[in-house]
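Structure assessment
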Amino acid sequence: QSYVGETIIVGNNVTQDRIIRRMLGLYPGQILQYPELKNAENNLGRLGLFETNPEVGQRPSVTVIDSDGPFKDILVKVQETRTGTFMVGAGVNSNSGLVGTISLNERNFDLFRLPTSFADFIDGRAFRGAGQELRIEAMPGTQIQRYTISIREPMLFDQPYSLLDSVYYRDRIYNEYTEGRLGTRINLGHQFTKEIGA
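This is a predicted model, so every value here is computed, not measured.

Time to look at the confidence of the model for the protein. When the pLDDT values of the protein are averaged, the result is 90; 97% of them are 70 or greater. No element of the protein has a lower mean pLDDT than helix H3 (residues 118–122), at 88, and none a higher one than strand E6 (residues 132–139), at 96.

Listed below in C-alpha cells is the structure:
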C-alpha cells in the first residue's frame, strides 16, 4: 500500500500553489488511490487557468514520482493560459438610444497582490494569482448608463463556499426626470462537489 508524500508543482509562474493544491484532493499521508490522479487533472482543467488542449496533449498533469518506500511524491505540471479578456462594443435602439459597452474580465485575480514595482505590471503579476474573478463593466449611453464592478471568490478561506460581491450604478434619462440608482449585491454559494455548486 502506498501513501501520498510531498506534492511538487511546476509551471505556475503567477498562480499560487494553494489554488492548485485545493483542487487536487491529495494530502500528505493519505492512502494513494491512482484513480484520484485523473480526478485531480480534471479539477485543474475546470479552473480555466491552465492550457487545456487534449488534441495536442496539452493539459494539466498529475503523476506519481516512482520511488522506493511506501510514500510517493506527486508531480503536478501546469502551463498557465491567458485569463483576462477586454471587449469594446456599441449599439443603438429606439428604447435606449446609443449605448456603448466596455468590459474587463480577469479569472485569476488577486485583490491583495499589490505591485511592488512597475515590472509586476509588465510581467502580469500585479493583482493576479489567487483564482478570484474580477469583472468591470461600463455601459455609457445617451439615455441609459450602467457601471458594475464585481469580485467573486470561488473558495472562501479555502472552504467550499463562494462569495460574490458587486457594486453598481445605473442612470436612466426619462422625458420628465432622471433616475439614478446606486447599490450592491452579495451572494454566498456552497460547493457540493467539485462539479456542482450553488
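Let us look at the packing of aromatic side chains. Considering all chains together, one arrives at 4 aromatic pairs under this definition. Ring geometry for phenylalanine 118 versus phenylalanine 121: centroids 6.5 Å apart, planes at 45°, classification tilted. Highlighted residues: phenylalanine 118 and phenylalanine 121, both in helix H3, separated by 3 residues, approximately one helical turn. Phenylalanine 118 gets classed as exposed once you look at its relative accessible area, which sits at 63%.

With that settled, the discussion passes to the pattern of salt bridges. Tallying each qualifying case throughout the model produces 7 salt bridges. Residue glutamate 106 pairs with arginine 128 through a salt bridge whose shortest N-O separation is 3.7 Å. With a gap of 22 residues between them, glutamate 106 in strand E5 (residues 97–109) and arginine 128 in the loop between H3 and E6 connect regions that are remote in the sequence. Take glutamate 106 and arginine 128: they sit in the same class, and that class is buried.

On to the sheet that holds strand E1 (residues 3–10). What the 3 strands build is an open sheet, ordered E1-E3-E2; its pairing is mixed. Only two strands of the sheet have a single partner each, and these edge strands are E1 and strand E2 (61–65). Sheet twist, expressed as the average angle between the axes of neighbouring strands with direction ignored, equals 25°. For E2 and strand E3 (residues 71–77), the ladder comprises 5 bridges, and the chain directions are antiparallel. What sits directly across from isoleucine 65, in E3, is aspartate 73. Together, E1, E2 and E3 form the strand contacts of helix H1 (residues 17–24), whose direction differs from that of E1 by roughly 140°. Running over the sheet, helix H2 (residues 35–46) touches E2 and E3 and is turned about 150° from E2.

The nonpolar side chains of soluble globular proteins are, as a tendency, buried together. Counting 17 residues, the largest nonpolar core has Ile20, Leu24, Leu44, Val62, Ile74 and Val76 as the members making the most contacts within it. For this core, the secondary-structure elements that each account for two or more residues are E1, H1, H2 and E3. At 4 residues, H1 tops the list of elements feeding residues into this core. Ignoring anything within four residues of it in the chain, the contact list for valine 62 reads Leu24, Leu26, Leu37, Ala40, Glu41, Leu44, Ile74, Leu75 and Val76.

Taken together, 6 strands build an open sheet; the order of strands is E4-E5-E6-E7-E8-E9 and the sheet is antiparallel. The strands lining the two open edges of the sheet, one partner per strand, are strand E4 (84–93) and strand E9 (178–190). Put simply, the sheet's adjacent strands are angled 10° from each other on average, direction ignored. In the sheet, E5 pairs with E6 via 6 bridges, with the strands oriented antiparallel. Of the residues in E6, the one forming a bridge with leucine 104 is isoleucine 136.

The rules behind these values
Residues numbered from 1 in each chain as written. Predicted model: local features only at pLDDT ≥ 70, side-chain atom pairs only at ≥ 80, totals over all residues. Heavy atoms only, no water. pLDDT = per-residue confidence, 0-100. Helix = DSSP H or I, 4+ residues; strand = E, 2+ residues; numbered from the N terminus. Phe/Tyr/Trp six-rings, centres within 6.5 Å; stacked < 30°, edge-to-face > 60°. Buried < 20%, exposed > 50% of the residue type's maximum accessible area, 1.4 Å probe, protein only. Salt bridge = Lys/Arg side-chain N within 4 Å of Asp/Glu carboxyl O. Pairing = 2+ DSSP bridges. Axes fitted to C-alpha atoms, helices over the stretch in contact; angles between N-to-C directions. Contact = heavy atoms within 4.5 Å. Core = buried A, V, L, I, M, F, W, Y, C linked by side-chain atoms within 4.5 Å.

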